[in-house]
Amino acid sequence: MERYNFKLIEDKWQSLWNKDKTFSAKIDKNKKKFYCLEMFPYPSGKIHMGHVRNYTIGDVLARYKALQGYNVLHPMGWDSFGMPAENAARQNKLDPKSWTESNISKMKFQLKKLGLSIDWDREISTCSPDYYKHQQQFFLELYDKGLVYRKEEYVNWDPIDQTVLANEQVIDGKGWRSGAVVERKKLNQWFFNIKRFSEELLQNLDMLNQWPNKVKIMQKNWIGKSFGCEINFQIESSKNVSEIRCFTTRPDTLFGLSFLALSVDHPLAKFYENNKEFVKFKKQCSSTGTTEESIANAEKIGFKTDLVAINPLDKNIKVPVYFANFVLMDYGLGAVFGCPAHDQRDLDFAKKYNLKVKPVVTPNYDDLNFDIEENAYTGPGYIFNSSFLNGLKCPDESIIKTIDYLEKNKLGEKKINFRLKDWGISRQRYWGCPIPIVYDNKGNPKKIPSNMLPVELPKIDQLEPTGNPLDKADDWKKIKIDNVDYIRETDTLDTFVDSSWYFLRFCSPNKTDYGFDNDEVKYWMPVDQYIGGVEHAILHLLYSRFFMHALSYKNEEIDLLEPFTGLFTQGMVCHETYKDFENNWVSPDEIETINGKKYLKNNKSKEVKVGPSESMSKSKKNTIDPEEIIKNYGADSARLFILSDSPPEKDVQWSEEGIVSSFKFIQKLWNLNSKIFEEIKKNHEKDNDNEIEKYTNKFLKKITDNLENFSYNKIIANLHEMYSFLSKQINKNYKKNTLIENYQKILIAMTPVIPHFSNECLVMMDSKETAWPSYDQSLLKENIVNIVIQINGKKRGLIKTQPNISEENLLNKINGDEMLFKYLDKKNIKRKIFIKDKLMNIII
RNA sequence: GGGGCGAUGGCGGAAUUGGUAGACGCGUUGGUCUUAGGAACCAAUAUUUUCGGAUGUGAAGGUUCGAGUCCUUUUCGCCCUACCA
């Protein structure tokens, strides 16, 4: 039998799809559209297994939807601005543009080898001026709508490299490349007013019922809405301070007040700037490490001021005011009141400084001696020790009543706070979208007129190792508008801006006068299914949602707020890790397996240590190159395996055995196909029974259901079952037409997963993929059912019978069954539970 | 500290609304064919057994005729988040 030549056949189909523009999408208002989008890649130069998985999942869906008759939009592009290009360019003294473009062409070649049903005519690249000029236009629009503003904000400054560092470039408080201690530096930066939409972004999450709950919860926590109130505390002081305002979610614990704590960045800090002790304290606060753990475990420390705060509910309670390291300026008002009895941080702080701990919530109504020892009590209960609040149920009743009282007496007011901060979009980098702003000689910002867009990046042949290249590009920086001299903004936009609207651009990628065409967007948007990694659960997805809100804001043309109807987050691709005897990571290609043990290829006496399977990463050397896999096994094998072992939302383990088995399975399918081809030629007259037809119907139902639920791993199992069924049944002399008809349906159902193979087989059958085969409900019914017989809830046997058997008839059969009757003989039946065609449970 | 998810054979994983636990694949074992096989094909594969059964879905309870599935408690693992007042 002829071997399946995947190279020949995959090439043939790929060039056919290319030539015919099979996947090119056009608006057709008579057809229902389906917009299938996978997160576009950063052009690093090589695709990795994560891409293979992501794009295979998306491709299965896109092909399935197309067969179902949807007008499918399935585009691809490049998230091509960003730091790797800039780093590579600095290192190799070349131009980020050519580096990026060469990477794109390499990766495009690799992606095409996967046989994806992508409309390559819509390819976009965010680093192209054709793309980013529209982004600059959007920036100006948002500016006009008041959604863009400038303010001073701290950045991580590397004093040696003379550059701003991203958070992930700061390692243990030091610059990742220079090793210099990172300084906090205040810079004027641009912000998108995402807070403006906090409430909408939170509320709309409820409508996104095709999003994973996990992602919605993460976004909800990120937005972080909390209900509380702001309270005014009168201050006694020799300084010119009369009042401090605090935000709290627990006003009902106000009688437990024992101190106020301020952030060192609080405006009142100005009174202490000349106080040496305070300056020392402030330094100490900023020097506690930046790692998450060290922040959480840092000791609570404070600086005591000479201010005294008065409890608004009882003028006789006077407490000290501290600056404290655990109070953040950018949440609430940068000032909190301390109630040590019912907040662990406050308790830690109070213990250190010997402050009063007065419990005001007791878990039990009658327990008025309730006291606090090691742990603050944060649970529910009843208010006590609190004058007129005593006895109120906490927290529901007590919080409402307290706020009520505070408002009536003008001591404070109800307030909703969000954790979400405005989106800082300035990056002090070269390889990004220039911000279309100029400054006059007084430093006032001015928009670049729309007709002067795009603001293109200047070409710089050699990036120097340090500093911001745009800041040094003197010729570029100077610009005349209407004969007035200006200096350009030298910051570029965060690359998250680029990816916040690319899904709109795909709808009309060639439109020159605006970022998108309204009619096209109205037809294609929203994205019906968005597929990508869960690592983008918060920022990218939230920013994209914000961007849609911002574009729609004050614009009646656009009435779309949520860009992604469905979201699917796929798991990672993992691989075993290997280490040699010197504990160095070893790559899978350096290893040979002999008798189940793994040895170094170049030194077969040395066994390697097999570590746990972890997500593929270069540092652990456990990556597998997709290009090699496709070269050796073909795209269909790779697609089959990447889907087979685990549900798409979970991590999958790549294994050599696995890919080999997928490869072999395709060969088996090919052999089966050849046998069927021979059978058809024989042209049998006999039409045995409708066995094959029934099987096909069941198969189609399973595949369809599994496609609908993203249970792609089960589809592969279904294919194996189908193979095993057909290879056993094929010599039963089916009538030619019956066989062809059913086998064709099966082949079409296989095309989403292994498109090259299935299409080739279809052509052999003188057919081609057209429509998704429907199944006949009536053929799903079984002729014979297995009914489980339980005695006292334990399974004791099975009865094979016709469907719809009555309880009495079944009981007769049970009594006629030797094995079952012995359990029932001379026993009193107390109760019978009968579920038609499924089960009979007899209680004796 | 807060939040989320999960725990099923040697491994990855199946199991519509509670109703035959372990589909399918990998691995392992035995066999057939072969000069040979790391090929192909066939068979077996949760544990235990006195071959009648008994026990089995991290642990302990509960609801139910019946629980992998529902409820309570608990242990462990992974992920997210980080002093959020």
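Here is a short report on the structure shown in this document. All values derive from a computational prediction rather than experimental measurement. (Residues numbered from 1 in each chain as written. Chains lettered and ligands numbered in written order. Predicted model: local features only at pLDDT ≥ 70, side-chain atom pairs only at ≥ 80, totals over all residues. Heavy atoms only, no water.)

As for the overall build of chain A
- Secondary structure assignment for chain A yields 26 helices and 40 strands.
- Across its three principal directions, the C-alpha atoms of chain A cover 110 × 90 × 70 Å.
- Considering chain A as a whole, with its 844 residues, one finds that 51% of them fall into the buried category.
- On chain A, roughly 40,900 Å² of surface is accessible, and the fraction owed to carbon and sulfur atoms is 48%.
- The centroid of the 122 positive side-chain charges in chain A is displaced by 3 Å from the centroid of its 116 negative side-chain charges. (Helix = DSSP H or I, 4+ residues; strand = E, 2+ residues; numbered from the N terminus. Buried < 20%, exposed > 50% of the residue type's maximum accessible area, 1.4 Å probe, protein only. Areas by Shrake-Rupley, 256 points an atom, 1.4 Å probe, with all protein chains shown as cover. Lys, Arg positive; Asp, Glu negative; His and termini not counted. Charge placed at Lys NZ, Arg CZ, Asp CG, Glu CD.)

A word on the packing of helix α23 (residues 736-750) against helix α24 (residues 755-764)
- Packing of α23 against α24 leaves a shortest axis separation of 8 Å and a crossing angle of 155 degrees. With respect to α24, the element α23 is oriented roughly antiparallel. With respect to the hand of their crossing, α23 and α24 are arranged in left-handed fashion. Only F757, S758, C761 and L762 of α24 make contact with α23, whose side of the interface consists of Y743, Q744, L747, I748 and M750.
- The residue inventory of the contact of α23 with α24, partitioned by class, reads seven nonpolar, two polar and no charged. (Axes fitted to C-alpha atoms, helices over the stretch in contact; angles between N-to-C directions. Parallel < 35°, antiparallel > 145°, perpendicular 65-115°, else oblique. Left-handed = near helix turned anticlockwise from the far one by under 90°. Contact = heavy atoms within 4.5 Å. Nonpolar A, V, L, I, M, F, W, Y, C, P; charged D, E, K, R; others polar.)

Things to note about the sheet that holds strand β6 (residues 163-165)
- Spatially, the four strands line up as an open sheet ordered β6-β5-β9-β20, and their pairing is antiparallel. Only two strands of the sheet have a single partner each, and these edge strands are β6 and β20 (423-424).
- In the sheet, strand β5 (residues 148-158) pairs with β6 via three bridges, with the strands oriented antiparallel. Opposite N156, over in β6, you have L165 as the bridge partner.
- Each of β5 and β9 (183-192) is contacted by helix α5 (residues 129-144), which is oriented at about 85 degrees to β9, the strand it contacts most. (Pairing = 2+ DSSP bridges.)

Details of the pattern of salt bridges
- Taken as a whole, this structure holds 39 salt bridges when the rule is applied.
- Ionic pairing is found between D343 and R345, a salt bridge with its closest N-O pair at 2.9 Å.
- For R345, a relative accessible area of 42% gives the class partly exposed.
- Across the salt bridge formed by K620 and E614, the nearest N and O atoms sit 2.9 Å from each other.
- By relative accessible area, which is 25% here, E614 ends up partly exposed.
- One salt-bridge network, in which partners are shared between bridges, spans E230, R245, E413 and K415. (Salt bridge = Lys/Arg side-chain N within 4 Å of Asp/Glu carboxyl O.)

Describing the packing of helix α22 (residues 712-729) against α23
- Running from amino to carboxyl end, α22 crosses α23 at an angle of 160 degrees, the nearest separation of the two axes being 12 Å. With respect to α23, the element α22 is oriented roughly antiparallel. Crossing of α22 over α23 shows left-handed handedness. Residue-level contacts link L719, M722 and L726 of α22 to Y743, I746 and M750 of α23.
- Residue classes in the contact of α22 with α23 are distributed as six nonpolar, no polar and no charged.

A short note on unusual backbone geometry
- Geometrically, the link from C394 to P395 is a cis peptide bond, its omega value of 5 degrees lying close to zero.
- Topologically, P395 is positioned in the loop between β18 (393-394) and α11 (396-408).
- At K21, a position not held by glycine, the phi torsion is positive, near 50 degrees.
- Along the chain, K21 falls in the loop between α1 (6-20) and β1 (33-38).

Focus: the side chain of S646
- One can find S646 in the loop between α19 (635-644) and β36 (652-653).
- Residue S646 is classed as buried on the basis of its relative accessible area of 13%.
- In terms of polar contacts, S646 uses its side chain to reach the backbone carbonyl oxygen of D651, at 3.2 Å.
- Residue contacts for S646: discarding those within four places in its chain leaves R53, D651, V652 and N713. (Polar contact = N/O pair within 3.5 Å; in protein donor to acceptor, adjacent residues only side chain to side chain.)

Let's talk about the environment of N584
- Note that N584 resides in the loop between β30 (573-579) and β31 (585-586).
- Under the relative-accessibility criterion, N584 is labelled partly exposed at 39%.
- When the C-alpha positions of N584 and K621 are compared, they lie 9.7 Å apart, and in sequence the two are 37 residues distant.

A look at the protein's contact with RNA strand B
- The environment of RNA strand B is formed by 49 residues, the closest being T249, R345, R419, K714 and N841.
- Among all atoms of RNA strand B positioned within 4 Å of the protein, those belonging to sugar or phosphate total 63%.
- A distance of 2.8 Å separates a sugar or linking oxygen of RNA strand B from a polar atom in the backbone of F326.
- Broken down by class, the residue content of the surface near RNA strand B amounts to 21 nonpolar, twelve polar and 16 charged. (Near = heavy atom within 4 Å.)

Some remarks on the environment of N812
- Position of N812 relative to the elements: it lies in helix α25 (residues 807-816).
- Note: C-alpha distance between N812 and I437 (375 residues apart in sequence) is 89 Å.

Notes on the side chain of S198
- With respect to the element layout, S198 can be found in helix α6 (residues 198-203).
- From its side chain, S198 meets the backbone oxygen of K195 in a polar contact 2.7 Å long.
- When neighbours within four sequence positions are excluded, S198 is seen to be in contact with I223, F418 and L420.

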